Amino acid sequence: DAGVTQSPTHLIKTRGQQVTLRCSPKSGHDTVSWYQQALGQGPQFIFQYYEEEERQRGNFPDRFSGHQFPNYSSELNVNALLLGDSALYLCASSPTSGPTGELFFGEGSRLTVL
Amino acid sequence: QKEVEQDPGPLSVPEGAIVSLNCTYSNSAFQYFMWYRQYSRKGPELLMYTYSSGNKEDGRFTAQVDKSSKYISLFIRDSQPSDSATYLCAMSRQIQGAQKLVFGQGTRLTINP
């Protein structure tokens, strides 16, 4: 049973560019959340997708957008990259029936903005 | 003020020691309390979760929640070098029909052989 998979694992961009990160949830999970984890910090909630719609959003600007596909996979897009966007981007999946907020995380995509 | 406060450490202890990791929180709406372990260059993995005040034990790990003090702890007994990782506390509350998870900063733990 494959867990949460993310791609790419590492990437380098320059300021002003755009990036797309991809995530496939764990089998049987239909809810996908994205988190940003800066070095030495805990993960910060970006947004959550369920039934192809953004259900919740954290305190991130509109430069951060996402999408969920019918097969529950998801994309995170970041436009007009800033140096401060350098971080580990984590995708997490969960089943809607889970009451605890328990999340299963992928290994992350490490983004470096130069 | 952050919703969840966690001492980032680093914390270094000898093998076999008892480790105590702690978090405090300010929002009484939090319902579930979790501890995640994150190895270097990996995603977080769930160690334990609790709902009510009290203790929950799983092998060498014990999670403790004190809702009246808004304080949670994770104890590791007979610590092993393989326990060296960053430990993240996390708490969830319901917003708009969905559970929202808020993480602490993480405590970096090293167990020395």
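Everything here concerns the structure above.
Here goes a summary of the coordinates provided. (Residues numbered from 1 in each chain as written. Chains lettered and ligands numbered in written order. Predicted model: local features only at pLDDT ≥ 70, side-chain atom pairs only at ≥ 80, totals over all residues. Heavy atoms only, no water.)

What follows is about unusual backbone geometry. Cis geometry marks the peptide bond from Ser 7 of chain A to Pro 8 of chain A; its omega dihedral reads -10°. Locating Pro 8 of chain A in the fold gives a position in the loop between strand S1 (5–7) and strand S2 (10–13). The omega angle of the peptide bond from Gly 9 of chain B to Pro 10 of chain B is 5°, so this bond is cis rather than trans. Tracing the backbone shows Pro 10 of chain B in the loop between strand S1 (4–6) and strand S2 (11–14). For Tyr 72 of chain A, which is not a glycine, the phi torsion comes out positive at approximately 80°. Summarising the element assignment, Tyr 72 of chain A is placed in the loop between strand S7 (64–68) and strand S8 (74–78). Despite not being glycine, Asp 78 of chain B has its phi angle at roughly 45°, a positive value. Relative to the helices and strands, Asp 78 of chain B is located in the loop between strand S8 (71–76) and strand S9 (85–95). (Helix = DSSP H or I, 4+ residues; strand = E, 2+ residues; numbered from the N terminus.)

Attention shifts here to the packing of aromatic side chains. This structure, assessed with the given rule, holds eleven aromatic pairs over all chains. Geometrically, the ring pair formed by Tyr 35 of chain A and Phe 45 of chain A is edge-to-face, given 5.6 Å between the ring centres and 65° between the ring planes. Separated by ten residues along the polypeptide, Tyr 35 of chain A in strand S4 (residues 31–37) and Phe 45 of chain A in strand S5 (residues 44–50) bring together distant segments of the chain. A ring pair is formed by Tyr 25 of chain B and Phe 30 of chain B, whose centres lie 5.9 Å apart and whose planes are at 75°; its orientation type is edge-to-face. (Phe/Tyr/Trp six-rings, centres within 6.5 Å; stacked < 30°, edge-to-face > 60°.)

So, about the state of the cysteines. All names here are of chain A. Tallied over the entire structure, the rule returns two disulfides over all chains. A disulfide bridge connects Cys 23 with Cys 91, and the sulfur atoms are separated by 1.8 Å. Around the S-S axis, the bridge from Cys 23 to Cys 91 shows a dihedral of about -65° and counts as left-handed. Separated by 68 residues along the polypeptide, Cys 23 in strand S3 (residues 19–24) and Cys 91 in strand S9 (residues 87–94) bring together distant segments of the chain. The residues Cys 23 and Cys 91 share a single accessibility class, namely buried. (Disulfide = S-S within 2.5 Å. Buried < 20%, exposed > 50% of the residue type's maximum accessible area, 1.4 Å probe, protein only.)

All names here are of chain A. Considering the arrangement of structural elements, one finds Gln 6 in strand S1. In terms of polar contacts, Gln 6 uses its side chain to reach the backbone carbonyl oxygen of Tyr 89, at 3.0 Å. Within the structure, Gln 6 has its side chain in polar contact with the backbone nitrogen of Cys 91 (distance 3.0 Å). Contacts of Gln 6, omitting those with residues within four sequence positions, involve Arg 22, Cys 23, Trp 34, Tyr 89, Leu 90, Cys 91, Gly 106, Glu 107, Gly 108 and Ser 109. (Polar contact = N/O pair within 3.5 Å; in protein donor to acceptor, adjacent residues only side chain to side chain. Contact = heavy atoms within 4.5 Å.)

Now for the interface of chain A and chain B. Taken together, the contacts link 21 residues of chain A with 23 residues of chain B. Taken over both partners, the interface formed by chain A and chain B buries close to 1,800 Å², and the fraction arising from carbon and sulfur atoms is 50%. Counting across the interface, chain A meets chain B through one salt bridge. A salt bridge links Glu 107 of chain A to Lys 42 of chain B, with the shortest nitrogen-to-oxygen separation between them at 3.2 Å. At the surface where chain A touches chain B, the tally comes to five residue pairs in polar contact (both at pLDDT 80 or more). Where the side of chain A that touches chain B is concerned, the elements lending two or more residues are S4, S5, strand S6 (53–57) and S9 of chain A. Its residues assigned to classes, the side of chain A that touches chain B shows eight nonpolar, nine polar and four charged. (Buried area = accessible area lost by both parts, 1.4 Å probe. Salt bridge = Lys/Arg side-chain N within 4 Å of Asp/Glu carboxyl O. Nonpolar A, V, L, I, M, F, W, Y, C, P; charged D, E, K, R; others polar.)

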